[in-house]
Every structure is written in C-alpha cells, then in structure tokens.
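Coordinates in review
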Amino acid sequence: MTGRTGANSSATQGPLVDSSAPPERDGVDTSPHVSDEVHQTTCYMCACRCGIDVHLKNGQVRYIQGNRQHPVNRGVICGKGAAGIMQHLSPARLRKPLLRVGERGTGDFREIEWDEALAIAAERLARIRATDPKRLAFFTGRDQSQSLTGWWAQQFGTPNYAAHGGFCSVNMAAAGMYTIGGSFWEFGEPDWEHTRYFMLFGVAEDHDSNPIKIGLGKLKARGVKVVSVNPCRTGYSAIADEWIGIRPGTDGLLVLAIIHELLKARRVDLDYLVRYTNAHVLVIRDPGAADDGLCLRDADGRLLARDRSCSRTVDALASGIHPALSGSYTVDGRACVPIFALIAERYLDPQYAPEAVAERSGVPAAMIKRIAAELAHAAFEQAIELPVPWTDWAGRRHETTRGRPVAMHAMRGISAHTNGFQTCRAIHLLQVLLGTVDVPGGFRFKPPYPRPAPPGPKPSGKDGGQPNTPLSGMPLGYVSDPQDLLIDAAGNPVRIDKAYSWEAPLAAHGAMHNVIANAWRGDPYKIDTLLMYMTNMAWNSAMNTAGTIVMLTDKDETGRYKIPFVICSDAYYSETVAYADLVLPDTTYLERYDCISLLDRPISHADGPADAIRYPVVQPDRDVRPFQTVLLDLGARLKLPGMIDEQGQPKYRDYADYIVRHERLPGVGPLAGWRGADGEDIGRGAPNPQQLDRYIANGGYWRHELADDQKYYKMANRSYLEFAAAMGFLVAPEPIVFQLYCEPLQRFRLAAQGHGAIVPPPGEHDRLARYFDPLPIWYPPFEEQAVDTGVFALHALTQRPMHMYHSWGSQNAWLRQITSQNRLFVHRATAARVGLADDDWVWIESHHARVKGQIRLVDGVNPDTVWTWNAIGKRRGAWMLGPEAPEAERGFLLNHAISELLPPDADGRRYSNSDPITGQAAWFDLRVRLEKCRPEEAGFAEPQFAMLMPPAGLPQAPKQLAYGAQFRRAREAGR
Amino acid sequence: MHPALSVIAFTTATGAGYGLLVWLGLLAASGVLPASRSFALGGAGLALALITVGLLSSMLHLGRPERAWRAFSQWRSSWLSREGVASVVTYVPACLFAAGWILLERTDGAVAAAGIVAAACAAATVVTTGMIYASLKPVAQWNTPYTMPGYVIYALMSGAVLLNAILQASRTESRAVAWIAFVLIALGWFWKNMTWHHDATLSAPTTLNSATGLGGGEVRSIEWPHSEKNYLLKEMGYRIARKHALKLRMFVHVLAFGIPLAATEIAILSAGWTAGLASVIAALTLIPGLLIERWLFFAEAKHTVTLYYGGWAQ
Amino acid sequence: MTSLPATTDKTLGLVIDLDTCVGCQACVTSCKEWNTGGHMAPLTDLDPYGSEADGVWFNRVHTYEQSTENGSRTVHFPRSCLHCDAPACVTVCPTGASYKRASDGIVLVNEDLCIGCKLCSWACPYGAREFDVAVGVMKKCTLCIDRIYNENLAVEDRVPACVAACPTGARHFGDLGDPDSPVSRLVDERGGVDLMPEMGYRPTNKYLPPRHRSAGAAPDHVSALDPVTAEGGFLGWVDRMLTR
Ligand SMILES: Nc1nc2c(c(=O)[nH]1)N[C@H]1C(S)=C(S)[C@@H](COP(=O)(O)OP(=O)(O)OC[C@H]3O[C@@H](n4cnc5c(=O)[nH]c(N)nc54)[C@H](O)[C@@H]3O)O[C@H]1N2
Ligand SMILES: Nc1nc2c(c(=O)[nH]1)N[C@H]1C(S)=C(S)[C@@H](COP(=O)(O)OP(=O)(O)OC[C@H]3O[C@@H](n4cnc5c(=O)[nH]c(N)nc54)[C@H](O)[C@@H]3O)O[C@H]1N2
Ligand code: SF4
Ligand code: SF4
Ligand code: SF4
Ligand code: SF4
Ligand code: SF4
Ligand SMILES: [Mo]
C-alpha cells in the first residue's frame, strides 16, 4: 500500500482496501469521535524516547499511540508506552514538597510550600558552596538532562556529580569510545536494512527498545540469521535462529576464540584495517623501559608505521602509505612491531582455540567454529556494494559503498561483569577485524558519533572543587593517562564515588553505586548533602540494599545522621523518597518541557542526527514543579554563573526558556534544529525564540537526514566529517582511527611498574598489571575468583521485563497486572540435581546475603545459571501499593544478595564489586547456591522490611478503576 | 469450573421441583395420589416453591438480573434460552394443575390433563438444563452422553424421594411411589458411578499443542500473561484437590444415594412411623447429597482454557 | 441475532506470527488502552493497586516452552478472540447479545442485551471472553471495530490498535475470506494454522508457527574455516602490499 509510513506498513498491516463501514445496522458506532486534540511529544516511560501522539478528549488523555514519522519508533509503541495513562494517573504521584518530620526512612513527612522548600535547599547549598563544594554529592538516574545537571554541578563547583551510567553500562560506553569512538548502547545501531548476519550479545531489551524490535522484525521477515548469545532464552533470544546459552561472564572467551579461528583462516579484512585502524602502528617492545608498549611516535608526536614500499618509518596516519602489518623492526634503536602482529601473536595462541574455551564457556568447540565460518561467509562471500560514490578523508573517491553485512549489538550481559570492559573491546575487535564498522550491513554510528578515540575531554575537579568557584570543565570526562586521574597528591580519590581513582581509572560515567556506602563510611571523606534526582538508590540501584537502607539511617555518636542531609527529586513515592529529608516533587512526562539533546544522549539515527523535546500536553493537578526548572531556580538563588544575568536576576524563566536561550558554545545550544533568528540554521546558530514552536509543529522532534554519500564510513568520510565539524560534533574534520590497541591502558600498566610522574600505591600494581592489557583479554569475573564456586555453583542474573521500567513500572495499574511477582527461573536439570520442584520456595544465598523467592523450572537457560525479572520486588508501602501487594509479599529483589564489595583479598582489602578499569557495577557476577526453604518459610519473600507510611497528602489508591468510562458516557450523551 | 452456589442451588432445586412436578402430574392423573387440598398444597406447593426458588437463585448468577427477561429470545439456538422459555411455559400447566387440584380437590379431568402437560413440560425443562451443560464442547466432563440423562435421572429421583416423603408424612403410604424412588435412587447411583467411571478415562478434548498451534513435542506453560488470577482462571480454572474430591464423592455416595436407598428400602419394608421417618430421612439426606453432587459436577469439570495456563493435566 | 449468518461478506481477522513475537506486551497494553475508552468502555480493573489486581483485557500473551526434535524452544503466544466462523459463544447466548456480523464476520457483544450469564465464556474454548464484574456484562475483542472503519481517524490508522503497536510487526490484519488478500497469502506462504481445529469452531485468526530452526548445522553454502598453512604461514599472508 503506497503512501503508508512507519514500521508496520506492509500490506498485511494496513487498513482494509475499502475502509468504509459496511451496512451492518447493528447499532455499533464505527466512527466515534476519538479526540479533540492530538499532541506529539516524546514518551518517557523509558529512555528509548519514542515519539508519541497523545490524544486528548475533554482535556483527558484518551489514547497514546506511536508517532509514525518519528525516527525512533516509526509508529510503533511498546508495552510500557501504551500504558502511559496509568503512569500519568498513578496514585503514587507526589503532590507537594515534603519535609521529613519523623525518623528517616519511615515516610513520615509534612507538606510544605515551594518557597520554604527552595529556601531550605538554597540556604544549605549556599553554605556548602562557600565552604567545601564537594560536600554536595549530586547524582542523577534515568533522566535525560545530563547536559544541564552536569553543567549545574560544574557551576556549583562539586566534582561529585554523575548520572547513572556507572552502574549501568559504562563498560560498553567506555570500551566503545576508547576503541571505535562510538559505542553500542545508544550511540550506534545495526544496519537493519542491509545486514545478512546479526549477532546479539547479552541483550534482553536495551535502551533502543523499539528500534531493536522493529529491526529484529525486519530481519526475521528477510530471513536473516539472528544469533543470540545469552544465558537466558527469553524475548529476543527466543526468536533468534540460534541461541547460544553461554555461561555468564565468558563471552570474552567465545569472541576471542572466534577471532582465533578467523585469523587462522586468514578471514580478516586487511585493507579495512590499514585504512581505518591503528593495526599498522608500531608499538615499542622494550620490556622494562618507560615507554614499553607505547606507540612509536616521532618528535612531533606523530604515530609511526613501517612502509613496505620504501622500507622506512612513516607517519602512520598519512594516506597512501603501504604499511606493514607484520614483522618486527628496529627504529632508532628501539624494537617495534606493528599492532597487528601483536594481535596475530596473541590470538593465534592455542589458549584461544575453540577447544580450549569450550568447557569454560559452555559453548561447544564445533559451534564456535561454525559461527566463525558463518561470520566469515557473511562478511566476505556476501559482501555488498551500494551504488553510492563517496569520498574518503584523503580525498579519494570510491565509486561504490562497500559493506560486509555482519552486524553486532551488545549490552549489559557484557557490561555488568568485572571483565566487561575487556569483553566489549573484544567484540569491537571482532567487528573491526571483519571490516564491519560503519559499513553497509554492519554496525553504524549515530551522529554525533563517532568521536575521536581515545576520547576527550578530561574530567574536571582534580583540586576537589574550591569555595564559590566553578569547576574548570564538566565533572565527567575521559582519562587516558594517570595524570588525568582525579586523585590527590597522596593518591587518594578526589571523588566520593572514587571514580577516576586507581580503583576505576576509566570511570567515564562515575560510579554511582558506591556513593551511599562511601559517604556513610566517610571514605574518602564525609559529605553534607546527597542530592538525588530520578533514581531509586535505596532500592533497585543499590547493591546490598538492606545495608544501604541502614547506611541511610545510621547515626554518629552525636545522634546525627552520618549522611547529614538528603534531598530527593522524584515524581512518585519510591522506596528512596522515604529516605529524603526534603522531597522536591517533579511533574510527570506529559506535564513538562524536556529536551533530548545532542549534548547528552540524543535520539539520532545512523542516517542522521536528531533531537527532540517534550512539552506539557496536560497541566499538573498537583503542586509540583519540573525539576530542571527547580534546579535553574536554585542555581539563580545560589548565583551560579550562567544562571543569573548581569543584574544578578535569574537568567532563565524556566527550563523551556533555558532550552531555547542557553548556549554552551557560541551558537550551540540544547537543541540543534531551527536555530538562528529565522530558524533556518541547524547545529549552530543564534537562539531562536520560536524554536520550541517549530519543534511542536514538527511532531516534537528535529531530524536531519545525511546525504547518501555521508551515511557510511563516517570515521573516514570527508563529507560527513566536514558536516560533523560544522555541527560542532567534532572539533575538526579529521578521521577517527579505531584503536585495536588501547594505548591508555598501557600507560596505567607502566605507571604500575613505577614509570611516570604519577604512580599507584603498591597495592594497586597487581590489578593494573593484570587487567589493563592494551589488547582484549579474558579473565574470570572477580566474585568467581573470590568465592568457593563449588559451594556457590550457580550464576544468578536479572533481566529487564520488556513491559516494566526498573522500579517504576509496578505503580502502573496495567503493567503490574502482567507481572506483580517475579520467579527465579531454574533449569529443569539443575533443579532435579539439587532436589527442587516447580513452585518451590528457595533461599538464594550468596557469599553476602540470602534472598527468598519462588522458583519456576524452564529449559531455556544455561544450566549453571538462574535468573529473575529485574526490580519487580518492592518495599511494602512504596508506590502506594496495598500492604499485601504481591510485589512486596512474594516478589523479591535480587539486589539484596549482591554485595557492593568483593570478598577481602589476600591483604584483607575489599574492592568495590566493579570492573577494575571503568568501575562499572558488576551486577551479573553474582554467584549463589539454592536451598529449599522449610515448609513454614514458604509463601513469602525475604528479606522483608518495615512498611513505609504513605506520605502526607497522598490519597489512598482507588479500589477500582474504570478509566475510559467517562469517554463513553460523553460519547453516548452526545449521540 | 467455578462451583457457583447460585447455580448449584438453582439446578438442584429446580431439578427436585420439576422431578416432583413430573411425578405429581403423572401420578395424580393415574389417581394414585390423594385429591385432598392439604396434600395438593404440600405437594404441588413444594414443587412450585422449589422451582421458583431455584429460578430466582439462578438470577443471582447474572451480572444483569434486571434484564433476565431477554433470555427468552434466543430459543432457536440457545439451550439456556430454551430452558428459560421452558421454565416459564411450564408454569402455565403447572399452575393450572395446582390450582385445579387445590381449589377443586380433584385430580381427574382437566386437572389430570394439566398435570400430564405440566409433567411433560417439567421433564422438557430438565432436559434443557442438562443440555446447557452437555452441549459445551470446551468442558469435556459435561460434553458427554451422561450429562443430560443424569440431570433427568437426578431430577426424577429427587422428585420421587420428595414425593414419597410427603406421602409418608401425610400418612398416605404408596408402595408404588416408594418403589419408584427406590429404583430411581439405584439408577441414579448407577448413573453417577458410570459417569465418574467415564470421567476417569476422559482425556482433554484437545491438547496444548493444538491450542497453541505448536505441533510436535510437549508444550509447557512457563509464564502466564498476568501473575495473579483473572476472570478466566477464577471462572474456568477452578481446581479441586484430588483428595478433597474423593472425600466429597464419598459424601455423595452416602448422602445422595446410600442412605436414601437404604432408608427407602426400610420404608418399603416397614410401615407406620418407621416408614415415615425413613422416607423423611431419605429426603433430608438426599438434598445435601445432591448439592454436593452438583458442586462436584462443576468443581471437577475442566475447561479447555485451562490448557493455556498449563492446567488441564492436574 | 444469535443464529449465525450463513456466510459473511468479509472474514476479518488477525494473523499472529509466533516466529517473530518477542512477548513484549505492546499489543496487550495498546489493546487495553484503546478499548478502555472505546466501544466496550471501560475495561474495569479491580483492586488495581492491591493484592489481587484483576482487570478486563482483550488480549493476553503467554509464554511456553516446547520440546522439539532440535531441542526445546521458547514461544510467546498472544491470545485474543479468533472471530470464529462457527462460534458456540454466539449460539449459546440466550439473549442475542452475542452475535456475529454478517458483513465482516466480527463477533461482538451487544452490552445492552447482555444479562451477564457468562455462558458464552464457558462456550469459548479459547478463553477469549472477559466478564466485567463491575458492569455485569461480557466483553471481548471487538477487532477494534471502532478503529478499522473510523472516519475520524486518518486512513492509515484504521487498523486494530494491537497491529499498529506491535514493534516487531508480528501482527497482521485483513480479510481472511478473500484468498487473494495479502493476509491470506501470508498465511499460505507461512503455513498458518487454526487453533484447536478439532473443536469445530473454525477460527478466523491464524497463527504462523515458528520457523524450523536448524540447530547446529551451518547453512549448506557455508563451508568450515580451514586454517591456511600456505607458504610463509600467517604472517607471510599478511605481508603484502596494502595501501592506507
Ligand atoms: N540486580 C540488578 N540491579 C540493577 C540492574 C540490574 O540489571 N540488576 N540494573 C542497573 C541499571 S543498568 C540501572 S540504570 C539502575 C536503575 O536504577 P535507578 O536509577 O534506581 O532507576 P529507577 O528504578 O528507574 O528509579 C528511577 C526513579 O525515578 C523516578 N522517576 C520516574 N519518572 C520521574 C520523573 O519524571 N521525574 C523524577 N524526578 N523522577 C522520576 C522513579 O519514581 C524512580 O524512583 O538499576 C541498576 N540495578
Ligand atoms: N523495558 C525496559 N527497558 C529498559 C530498561 C528497563 O528497566 N525496562 N532499562 C534500561 C536500562 S537502564 C538499561 S541499562 C538497558 C539494559 O538493557 P539490557 O542490556 O537488555 O539489560 P538486561 O535486561 O539487564 O539484560 C542483560 C541480558 O544479558 C544477559 N546476560 C547476563 N550475563 C551475560 C553474559 O555473561 N553473557 C551474555 N552473553 N549475556 C548475559 C541476560 O540474560 C540478559 O538477557 O535497558 C534499558 N531499557
Ligand atoms: S520504548 Fe520507551 S520511550 Fe518508547 S514507547 Fe516504550 S516506553 Fe515509551
Ligand atoms: S474465539 Fe471464542 S469468543 Fe471468539 S468467536 Fe471464537 S468462540 Fe467466540
Ligand atoms: S454473558 Fe451476555 S453475551 Fe454472554 S451468553 Fe450471557 S447474555 Fe450472551
Ligand atoms: S483487535 Fe483490537 S480489541 Fe482485538 S486484540 Fe487487537 S487491539 Fe484488542
Ligand atoms: S506486540 Fe507483537 S511482539 Fe509484542 S507481544 Fe504482541 S505480538 Fe508479540
Ligand atoms: Mo541502565
């Protein structure tokens, strides 16, 4: 059917050829009036940020559907998005600012006016800023205004700022950024249209919720082979043509074995490697020297390679050279080898042979070999060519755009392990060896990515923040040398979460999961105020949740809370709200302006950059304010630079005003579309007072479609690079060189050997030497190394239910009917072995704590693995659910069993349960044993906590819902 | 299937009422019964009362009882509608019969004719009731040749036992009625045993493979669409533990059949107050016995929808 | 009305692709959201925030595991009214509230006639009928009758809510009575099946079974990778003229 747009536009998904009503005469009104107004805004039932059409009837939300034109979801909507009405009407919505009156953590509050709330906050924050700004720790969760919140923290002057990335997927982000200048996560996507082989590693749902589903649907329709590597066979893995039920934490072995096979069979794309990567760059081999393992550079700092045609060392990044990929050379007396030679030497080693890794990974050698063969077949035998000429960075014209149609995508199944950074690097290495990054059919960058690798800028705040002074730059950034670390002269962490310290040098997103425990311990120091925005840190984003709750209420000798003051901005009555001293109630997503900015995590497509807004489509019926507006208000009260004008008056009326008028760099603001006085500019241009109207008129988003010749090889495509520089994505239109060899890691190893100005304390040497390998390696996850795996024989995982978003789905009257109790899924054979039957209640015991839940037997799981749905278990009384709600009665939260610290090492030191390189929280390293509980223990989950009181002002949840009846009444009255 | 008390009360009471009406109509016409007003009041009155209470109880089952009258419209296809029509139609001859008998104190002539018509209508109504269940393909335990005759047999049986008790209580012994009751109880017992025997060999009318279109190997439910019970499960997913069912079946054997049969036998063999007492005991145990029988009729019936929830096998 | 039409002009229904459904529940909540304000509004929820939340839903998604000769597989299975050709849910209805439309074959409940006797739900083998306790009447999937012909919606929106929503495109809609319609052809191509054909209800909706998955074997055209041991070994191969 022509003229139809969107994802579901095949002839079998469209309207009837004749969609006029037949004369049935049964009195059915086949053409009821649906809505008075339709507003096109952006969904926020999750971070996928789909475009939605919100239908309003008599001022109430009648229906929410996907926006067909929207680049993210192209008309479809997910299970959560379509339940938006119930999120918007949740009885757990906060109604007014709250001040704690009872003990922390009970829910005993009194309602206060905004003026009082803001005065309390401003007074406290002003005091902190004037004395020691780092005593404010500002951490934000699943929000999408990090460019605002980060900037605010910078202006405030605290280095203690991060968003949720550290406990989320920093391994993926960092490994990608340091390797290819982009990443899976939200910064790239498979070329769904052209790929002929798709491999998915450790993904249950991901942020690109709808795009992945749309893509998988298309692949299935085209008959493209989909391989899912995942210990659990749910969702995407269930429809994969091949499911590889790997043992958790061993993907690195699988991937490196595939690389071994490909190298052995010479199935790697050498041309691609010399053009787009550092494969030919020479590395110094001089064990013991201060520059051993660093890349060879000339006096001007240029990377060098060996040219085979002239047998000389040449500028490795110059075009037209004929670099050697093998051999070893002596340059100015230094022995060097090309990086590729190191790669071949490393991975051709029999320790990476499929046979050597099969048992450990649970993937048979024959299967590994076959997958390698299939990958090679798709990449090399099924190579494709789009009839699109393009010009590379060196000005060479290519008559066609060639592609190797193998696409991969990976997420937290890789990320949430202590070896996740290296495993993710291994996957990127595999992609690059096959020549599949940003080529037709491969993995594609979404602008503003790719960016230079290794990435910049550096994190700010090394001096710990000075009174009444902004930081010199944004608190978060990228470290590539020990000098960049945020440590003091004694080598101690500057940040409360110890990000960018020796414990987590490349912690690009901070390490939010350490904040509460560190602040409570006063390690590295005590703080005054913890400001949390849109995160449930006392529950599902905490490890050791029970302990975290205690830390939040623990008092010192003088009877004062060890974490003196907690401010929380939330829209709902979460578990964490009960632990706040001051609650700043936020609006819901249909009630406010938001901006999904290219400065943050945009909604771009590989075919072009895009950003979007949210705008109020209904007015709040409560005394709540958008947090971003509140933050700007606080900033103005604190007289933060950039938030007040010359007269010292608030610079921005509210967040909407900021979105339009704020400029981060001259001409670069939160939104890229319709800039300039007349709205004709994109990317750079003067603020346009009409900008928001233009967005609204365009369906809530802006999108720029790249020219056909800019769409691929973005890392080396002259036209694209020039565009990116003009847009401000890149400082200069220079090619991005993929880093197969990650030199920054070697710098840390050298520091551990005592080289350089900044060296780690002796206790850190071993970790740095072992894990900071500049080429991808595999090592057993830390918990596995530390506990008796004979006792804790099982891996325990969580997965995201597609219809729930973290902890906040359960307040939704519709979503919670689908899942209000989670089970622990156990393999039938495993259950039989330990004597468990379906529906048994079991203790799930880790080295740290035990949790009780009910099991369900399945076949579709790795036999050494048990798993459950994430964040279904709830604290009694939270979210305004009834006291007997199954979420609290029978649902369980696996987090209780996950320790924030590893068991003590030989020196008795307890490291954070995190990746040693990035500080990524290792949720999925958990090892457990199962034990059937006694009969009298069956039927309810444990641990159980005291019930939270409903906060002042929140009405009881209704006993019955008949939403929609009002529309029918109105319809029938009007008839 | 969910054993709704209203439906259990309805089918049991109307069954007994119509059964009694059948016997009153037939036996009155054949002159076996006393023509006295008090007997007429007791007999026909009880029959009509049981029918009426039963029908009213069935209304409790409806979501919209005020619209119950609409149920008369679809007699061409619906057994429930036919039952509704039949039950109302039955009132006409039944009332004429009762009125004639009570007012005229005669059981011949027009009264007898009305009695026979009432008996026929009553029997037909019980057939329609039985057919409501017997025609439901998704419920294997109901969709059998045993269901409809069962309804008829238990109705006639309970009618006969009641009639015998009334006769005995009003000191009008009728060995014939006692014998009828005796034979019907035996037949009912036999029929119930046959039915249960048949049910024991029943397999689900279809499989989860067929229900999901997934041909081949075993299909197992691993997650429901909703983690708590919904209408389908509450209405059609009712489960009764095997142990519990066996115990209740024992009660049925004893209360609905064993004791009534023995007591009726005693009534046949004895006379006077012994016979009277025995007959009343037969009636008084039969009613709870049949209520339990009817409860099990629902509770033990399994609906194909339970397959989707992994349920039928259990 | 309870008597079934001898034939219907069209035979509208859904086709659901079990090979593609990931069990995301989008069709489930989209259906709920549309219909709770639609033709059969509301779809009441009882105890929505309490211990026994129980609401009316026209579409529910199950998860199964099936043992096959190639090992077991997981299948997500959406279940809604199949708009049968010979549905006893209609014929058992005492009031005429349940009926099948002669024009398009859609099976509907006329709420004004329904007495809430629940018999139709007993007669449906598929569990496709949902009783609204609060209103006292039976409700069910309407095949989005207030969308597919709705002149107040853009033409492209005149599809069932669940079909429009489905992110993987696993749901299809059309006239299954017309052998040449795109959905009928899809059913032919993919070997679409009836559920419980032996019940004799002749469902209109079809399910496309999961495709055969060749566990283990590589596609025929893919040959195994052989280690290359030619002249010069691995590095000899690498050692050739490449241009950056
Ligand atoms: N066991 C285990 N634990 C995990 C994970 C896991 O896989 N397994 N995953 C981890 C990961 S990746 C993440 S990202 C974290 C997420 O964990 P959290 O960051 O704690 O995320 P949520 O539970 O989504 O909490 C978000 C909070 O924001 C509130 N909120 C919702 N909408 C709004 C709004 O509009 N305004 C405001 N102000 N607040 C709002 C919600 O009510 C809720 O309290 O969990 C981590 N925890
Ligand atoms: N519906 C919904 N969508 C969401 C969210 C949500 O809460 N709900 N949260 C959002 C957030 S914050 C995030 S971070 C993303 C996360 O999105 P996903 O990356 O999809 O995160 P998880 O659900 O944690 O899934 C991790 C998957 O990895 C598998 N896995 C675990 N260990 C291993 C391993 O060692 N190897 C392999 N190969 N697989 C493994 C698990 O079985 C699981 O399937 O989702 C985002 N999208
Ligand atoms: S994927 Fe996320 S943003 Fe998109 S519709 Fe669903 S909840 Fe909304
Ligand atoms: S699926 Fe059930 S409700 Fe729908 S038409 Fe068929 S029998 Fe009737
Ligand atoms: S519940 Fe309503 S629609 Fe169903 S059979 Fe009874 S009257 Fe008919
Ligand atoms: S066709 Fe409409 S009513 Fe039926 S399941 Fe789909 S969305 Fe629900
Ligand atoms: S929306 Fe589509 S993929 Fe999701 S459950 Fe429904 S049919 Fe399956
Ligand atoms: Mo996350």
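Look up: the structure comes first, before these words.
Conventions we followed
Residues numbered from 1 in each chain as written. Chains lettered and ligands numbered in written order. Predicted model: local features only at pLDDT ≥ 70, side-chain atom pairs only at ≥ 80, totals over all residues. Heavy atoms only, no water. Contact = heavy atoms within 4.5 Å. Buried area = accessible area lost by both parts, 1.4 Å probe. Salt bridge = Lys/Arg side-chain N within 4 Å of Asp/Glu carboxyl O. Polar contact = N/O pair within 3.5 Å; in protein donor to acceptor, adjacent residues only side chain to side chain. Helix = DSSP H or I, 4+ residues; strand = E, 2+ residues; numbered from the N terminus. Nonpolar A, V, L, I, M, F, W, Y, C, P; charged D, E, K, R; others polar. Pairing = 2+ DSSP bridges. Axes fitted to C-alpha atoms, helices over the stretch in contact; angles between N-to-C directions. Buried < 20%, exposed > 50% of the residue type's maximum accessible area, 1.4 Å probe, protein only.

**Some details on the interface of chain A and chain C**
Counting residues at the interface gives 125 residues for chain A and 104 residues for chain C. The largest contributions to the chain A side of the interface with chain C come from A:Thr12, A:Leu16 and A:Arg266, which together make up 9% of the buried area. Inspection of the region where chain A meets chain C yields seven salt bridges. With its nearest N and O atoms 2.8 Å apart, the salt bridge here joins C:Asp157 to A:Arg68. Along the contact surface separating chain A from chain C lie 61 residue pairs in polar contact (both at pLDDT 80 or more). Top element by residues in the side of chain A that touches chain C is helix H12 (residues 365-381) of chain A. It accounts for six residues. Broken down by class, the residue content of the side of chain A that touches chain C amounts to 62 nonpolar, 35 polar and 28 charged. Sheet topology places strand S35 (residues 960-961) of chain A next to strand S2 (residues 45-46) of chain C; two bridges connect them, and they run antiparallel. Residue pairing across strands places A:Leu961 opposite C:Asp45, the latter belonging to S2(C).

**Here we look at the sheet that holds strand S12 (residues 282-284) of chain A**
Residue and element names in this part refer to chain A. The strand order across the open sheet built from three strands is S12-S16-S15, with neighbouring strands paired in antiparallel fashion. A strand with exactly one partner marks an edge of an open sheet, and here the two such strands are S12 and strand S15 (329-331). When strand polarity is set aside, the average angle formed by the axes of neighbouring strands in this sheet is 45 degrees. When S15 meets strand S16 (residues 334-338), the two strands line up antiparallel, connected through three bridges. Directly across from Thr330, in S16, lies its bridge partner Ala335. Helix H10 (residues 339-347) rests against S12 and S16 of the sheet, and its axis sits at about 70 degrees to S16.

**Quick notes on unusual backbone geometry**
A cis amide bond links A:Ala453 with the next residue in sequence, A:Pro454, at an omega value of -5 degrees. A cis amide bond links A:Gly456 to the next residue, A:Pro457, at an omega of -15 degrees. Position of A:Pro457 relative to the elements: it lies in the loop between strand S22 (443-445) and helix H15 (515-521). With phi around 45 degrees, A:Asp332 is a residue other than glycine that occupies positive phi space. Tracing the sequence through the fold places A:Asp332 in the loop between S15 and S16. When its relative accessible area of 77% is taken as the criterion, A:Asp332 is described as exposed. Residues other than glycine seldom take positive phi values, yet C:Leu143 does so here, at roughly 55 degrees. By the secondary structure assignment, C:Leu143 is in the loop between strand S9 (137-140) and helix H4 (145-148).

**Digging into the pattern of salt bridges**
Any two side chains of opposite charge can pair, on the condition that their charged atoms come close. Residue and element names in this part refer to chain A. All told, the structure shown has 98 salt bridges over all chains when counted by the stated rule. The salt bridge involving Asp36 is made with Lys57; its shortest N-O contact spans 3.5 Å. Of this pair, Asp36 sits in the segment before strand S1 (37-42) while Lys57 is found in strand S2 (residues 51-57), placing the two residues 21 residues apart along the sequence. Since its relative accessible area comes to 41%, Asp36 is described here as partly exposed. Residue class for Lys57 comes out buried when judged on its relative accessible area of 12%. With its nearest N and O atoms 3.4 Å apart, the salt bridge here joins Lys932 to Asp840.

**Describing the pairing of strand S1 (residues 12-17) of chain C**
Residue and element names in this part refer to chain C. The buried count for S1 comes to six of six residues, which makes it a mostly enclosed element. Residue alternation in S1 divides its side chains into two sets, Leu12, Leu14 and Ile16 and Gly13, Val15 and Asp17, and both sets are buried. Taken together, the five bridges between S1 and strand S10 (residues 171-175) define a ladder with antiparallel strand orientation. By the bridge assignment, Ile16 is partnered in S10 with Arg171. In this sheet, strand S11 (residues 206-208) lies alongside S1 in parallel orientation, the contact comprising three bridges. What sits directly across from Val15, in S11, is Lys206.

**Quick look at the sheet that holds strand S32 (residues 850-858) of chain A**
All names here are of chain A. One closed barrel accounts for six strands, arranged S29-S33-S30-S32-S31-S34; its pairing is mixed. Taken pair by pair, the neighbouring strands of this sheet meet at an average axis angle of 45 degrees, ignoring direction. In this sheet, strand S34 (residues 927-932) lies alongside strand S29 (residues 794-799) in antiparallel orientation, the contact comprising two bridges. Within the sheet, the bridge partner assigned to His795 lies in S34 and is Arg927.

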